[in-house]
Amino acid sequence: MFLLHGTPGSRFGPSPRATVLYRLGIRLITFDRPGYGRSDRMKGRTVADVAADVAAIADALDIATFAVAGRSGGAPHALACAALLPDRLTRVAALVGLAPWGAEGLDWFGGMTETNVVEYRMALAGRRAVTARLASVAEQIRADPVSKVVGLFQQVPESDRRVVADHGIRRMLVHNFAEGLRNSADGWIDDVLAFSWDWGFDPAAINVPTLVWHGENDVFSPASHSRWLGARIPAATTKIQHGAAHFGAIDVLPEVLVWLMRT
């Protein structure tokens, strides 16, 4: 099972404890998307490009078929695998993700926190603008990764604060951000640009069993995005969780992994 990290993030992003994975009999595979952590940059990549990376890793590990889950910025990439690797995926889960930019009938920025609105508007203005902004922010995070988690705590609704207040989760998030941005903001920049361009596939073409999960009160990627996706993916089961928000996806990961294991 592949778990695709958020934006920004790394292979050390939120995942169930090893004891949970052992009990469920799951071999969980994570990796840094291009430009993050220890992975080389792939300038100009699209969301669709991740499918080739996942296939290459699976081939190297001699894995024929597998499930994929993606949380936050990893969700569109998980859907790309479902659309482009239909003969290899058994199931896919997209948690607190975004819909494609320009999705018909969707107010893309509606309900989104101002910091994310600014990032995506800068991406629409061009590479130079978003690079200047995110390079500066990434430099601050590298100097003090705890500040990123503190900043998140101040932006999120109460349900997310309860999740992020957990000492183990806070420590994991600090490690995740520090590793993802250890060398540069390149991965973050390229993710934001990729989300703002053509994704390289149509979610409506996905035919593998799909779980679309979202916390109702999410302010980073509003739940309306998952409602839009769920209405267009033929094999989708959509779950909008009342009383949860963005980081609620961490709490439901073990439950999602059980769903992904079904045949």
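In what follows, the structure referred to is the one given above.
Overview of the structure. (Residues numbered from 1 in each chain as written. Predicted model: local features only at pLDDT ≥ 70, side-chain atom pairs only at ≥ 80, totals over all residues. Heavy atoms only, no water.)

Quick look at the overall build of the protein now. A count of helices and strands for the protein gives eleven helices and five strands. By the compact-globule yardstick of 18 Å for 263 residues, the protein fits well, its C-alpha radius of gyration being 17 Å. Along the first, second and third principal axes, the C-alpha atoms of the protein reach 45 × 40 × 40 Å. Evaluated residue by residue, the protein yields a buried proportion of 55% over its 263 residues. Nonlocal contacts in the protein, meaning residues at least 24 apart in sequence, comprise 78% of its contacts between residues at least 6 apart. A total of about 11,300 Å² of accessible surface is found on the protein, and carbon and sulfur atoms cover 51% of it. Of the side-chain charges in the protein, 27 are positive and 26 negative, and the distance between the mean point of each set is 4 Å. (Helix = DSSP H or I, 4+ residues; strand = E, 2+ residues; numbered from the N terminus. Rg over C-alpha atoms; globule rule 2.2 N^0.38 Å. Buried < 20%, exposed > 50% of the residue type's maximum accessible area, 1.4 Å probe, protein only. Contact = heavy atoms within 4.5 Å. Areas by Shrake-Rupley, 256 points an atom, 1.4 Å probe, with all protein chains shown as cover. Lys, Arg positive; Asp, Glu negative; His and termini not counted. Charge placed at Lys NZ, Arg CZ, Asp CG, Glu CD.)

On to the packing of aromatic side chains. Across all of its chains, the model carries eight aromatic pairs by this definition. With 5.4 Å between their ring centres and 85° between their planes, W108 and F109 make a pair best called edge-to-face. Assigned by exposure class, W108 and F109 land together as buried. Seen in terms of ring centroids, W108 and Y120 are 5.1 Å apart; in terms of plane orientation they differ by 85°. Their pairing is edge-to-face. Here Y120 lies in helix α4 (residues 114-125) and W108 lies in the loop between β3 (89-95) and α4, a separation of twelve residues in the sequence. Overall, the relative accessible area of 5% leaves W108 in the buried class. A residue is classified by how much of its surface remains accessible, and Y120, at 6% relative accessible area, is buried. Three or more aromatic residues joined by ring pairs make a cluster, and in this case those are W101, W108, F109 and Y120. (Phe/Tyr/Trp six-rings, centres within 6.5 Å; stacked < 30°, edge-to-face > 60°.)

Our focus in this paragraph is the pairing of strand β5 (residues 236-241). Where strand β4 (residues 210-215) and β5 come together, six bridges link them in parallel fashion. Of the residues in β5, the one forming a bridge with V212 is T238. Between the parallel pair β4 and β5, the chain is carried across by helix α10 (residues 223-232), and the sense of this crossover is right-handed. (Pairing = 2+ DSSP bridges. Right-handed = clockwise from strand over helix to strand, strands pointing away.)

Before going further, it helps to spend a moment on the packing of α4 against helix α5 (residues 127-143). Between α4 and α5, the shortest axis-to-axis distance is 6 Å and the interhelical angle comes to 145°. Residue-level contacts link T115, V118, E119, M122, A123 and A125 of α4 to A129, V130, R133 and L134 of α5. Taken together, the residues that form the contact of α4 with α5 break down as seven nonpolar, one polar and two charged. (Axes fitted to C-alpha atoms, helices over the stretch in contact; angles between N-to-C directions. Nonpolar A, V, L, I, M, F, W, Y, C, P; charged D, E, K, R; others polar.)

On to the sheet that holds strand β2 (residues 66-71). As summarised here, the arrangement of the five strands in space is β1-β2-β3-β4-β5, forming an open sheet in which the pairing is parallel. Looking at strand neighbours, the two that pair on one side only are β1 (2-4) and β5, the edges of this open sheet. Taking each pair of neighbouring strands and ignoring which way they run, the sheet shows an average axis angle of 15°.

The next subject is the pairing of β2. Among the six residues in β2, six count as buried, and that is most of the element. Neither face of β2 is exposed, since F66, V68 and G70 on one face and A67, A69 and R71 on the opposite face are all buried. Sheet topology note: the β1/β2 ladder contains three bridges and is parallel. Along β2, the bridge assignment pairs F2 with V68. With five bridges joining them, β2 and β3 adopt parallel strand pairing. By the bridge assignment, F66 is partnered in β3 with L89.

Another aspect to go through is the nonpolar core. With 69 residues, the main nonpolar core has F2, V54, F66, V68, L89 and F247 as its most contacted residues. In terms of residue count, the dominant contributor to this core is helix α3 (residues 74-84) (seven residues). Sequence-distant contacts of F247, that is, excluding residues within four places in its chain, are made with R71, L152, V156, D160, V163, V164, L173 and F220. Core analysis: the next-biggest nonpolar cluster, separate from the first, contains 21 residues, V20, W213, A249 and L260 among them. (Core = buried A, V, L, I, M, F, W, Y, C linked by side-chain atoms within 4.5 Å.)

Before going further, it helps to spend a moment on the environment of F31. Topologically, F31 is positioned in the loop between α1 (18-24) and α2 (50-60). Separated by 22 residues in sequence, F31 and D53 have C-alpha atoms that sit 9.5 Å apart. If near-sequence neighbours (up to four positions away) are discounted, F31 is found in contact with F2, L4, H5, R11, V50, D53, V54 and I57.

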